[in-house]
Amino acid sequence: MPTTPPLRPLPPRPVETDDPIADARAVLLWADDVMGSGICVTASFGDATLVHLAATTLPGVEITLLDTGYLFAETEWFAHDLRARFDLNLRVVRPDPDLDGDEWRTDTDACCRARKVEPLERALAGRSAWVAGVRREDSPARRRTPIVHDDLLRGVVKINPLVAWSDDDVAAYARDHDLDEHPLTDRGYLSIGCWPCSRPVADGDDPRSGRWAGTDKTECGLHVS
């Protein structure tokens, strides 16, 4: 009788070392080995770090931009410039075109749900892994984020290759790979999201203090699990 070949054992999940840049590539290679085409990489294009890392570690991997309809023109230009420079396999996911265009004025949580969270859910449909650019240095709420974990809310394995990177690591990576800054960075925009809810910050201020300035809101709802 024919026998069924034994299943290949899954490689263990990567463990962080003292080399965050090597860890980032290792976790992406692990994800590709385990989940292959089930990977969804999302990038905000606030900088080129995750995009370059993913595209050079996993050539041809699909990179998804969630276009909320409120992206800065500079972000759209930057994304298309990086696509041309690195031959990115870029997918753009947009919200329902019939949404209220002024909801951000009265309910930023509802706006984020409709323009970020719902499009993300569509982007993740049928996928088994989500790669995101979260870093622990982003905010206190992200300080304990692991490099790999189960996102039970969305039913995927969430992979955060940049999670342990410091600002210095990001800057060094950009220098080493000749990566351009987002065009708004030199105008004081250090955390770039949608134009209604992003502001430049003063030297020495928390980079994310320009997001939803004047409110107690700190997250858009994408990175919860």
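Residues numbered from 1 in each chain as written. Predicted model: local features only at pLDDT ≥ 70, side-chain atom pairs only at ≥ 80, totals over all residues. Heavy atoms only, no water.

Below, the discussion takes up the packing of aromatic side chains. Taken as a whole and assessed by the stated rule, the structure comprises four aromatic pairs. Measuring from centroid to centroid gives 5.8 Å for Tyr70 and Trp195, while their planes differ by 85°, and the two rings are edge-to-face. Remark: Trp195 occurs in the segment after helix H5 (167-176) and Tyr70 occurs in the loop between strand S2 (62-66) and helix H3 (73-86); sequence separation between them is 125 residues. Judged by its relative accessible area of 8%, Tyr70 is buried. Residue class for Trp195 comes out partly exposed when judged on its relative accessible area of 39%. Aromatic rings pair up to connect Tyr70, Trp104 and Trp195 into one cluster. For the cation-ring pair, Lys158 lies above Trp130, with the distance from its terminal atom to the ring centre recorded as 4.4 Å. (Phe/Tyr/Trp six-rings, centres within 6.5 Å; stacked < 30°, edge-to-face > 60°. Helix = DSSP H or I, 4+ residues; strand = E, 2+ residues; numbered from the N terminus. Buried < 20%, exposed > 50% of the residue type's maximum accessible area, 1.4 Å probe, protein only. Lys NZ or Arg CZ within 6 Å of the ring centre and 35° of its normal.)

Reading across from one edge, S3-S2-S1-S4-S6-S5 is the order of the six strands in this open sheet, with mixed pairing throughout. The outermost strands of the open sheet, each flanked by one partner alone, are strand S3 (89-93) and strand S5 (148-151). Neighbour-to-neighbour, the strand axes of this sheet turn through a mean angle of 30°, independent of strand direction. With three bridges connecting them, strand S1 (residues 39-42) and strand S4 (residues 129-131) associate as parallel partners. Following the sheet pairing, Cys40 is matched in S4 by Trp130. Most of the contacts of helix H1 (residues 20-35) go to strand S6 (residues 156-159), to which it runs at about 160°, and overall it touches S1, S4, S5 and S6. (Pairing = 2+ DSSP bridges. Axes fitted to C-alpha atoms, helices over the stretch in contact; angles between N-to-C directions. Contact = heavy atoms within 4.5 Å.)

What follows is about H1. Its 16 residues give H1 an end-to-end C-alpha distance of 22 Å, which sits within 8% of 22 Å, the value for a rise of 1.5 Å per residue. Regarding H1, the residues found buried are Pro20, Asp23, Ala24, Val27, Leu28, Trp30, Ala31 and Met35. Each buried residue of H1 sits inside an arc of 160° when the element is viewed along its axis, so together they form one side. Buried residues in H1 make contact with S1, helix H2 (49-57), S4, S5, S6 and H5. Once H1 finishes, Gly36 follows within two positions and takes phi at roughly 50°, a positive value. (Expected span 1.5 Å × (residues − 1). Arc of directions from axis to C-beta.)

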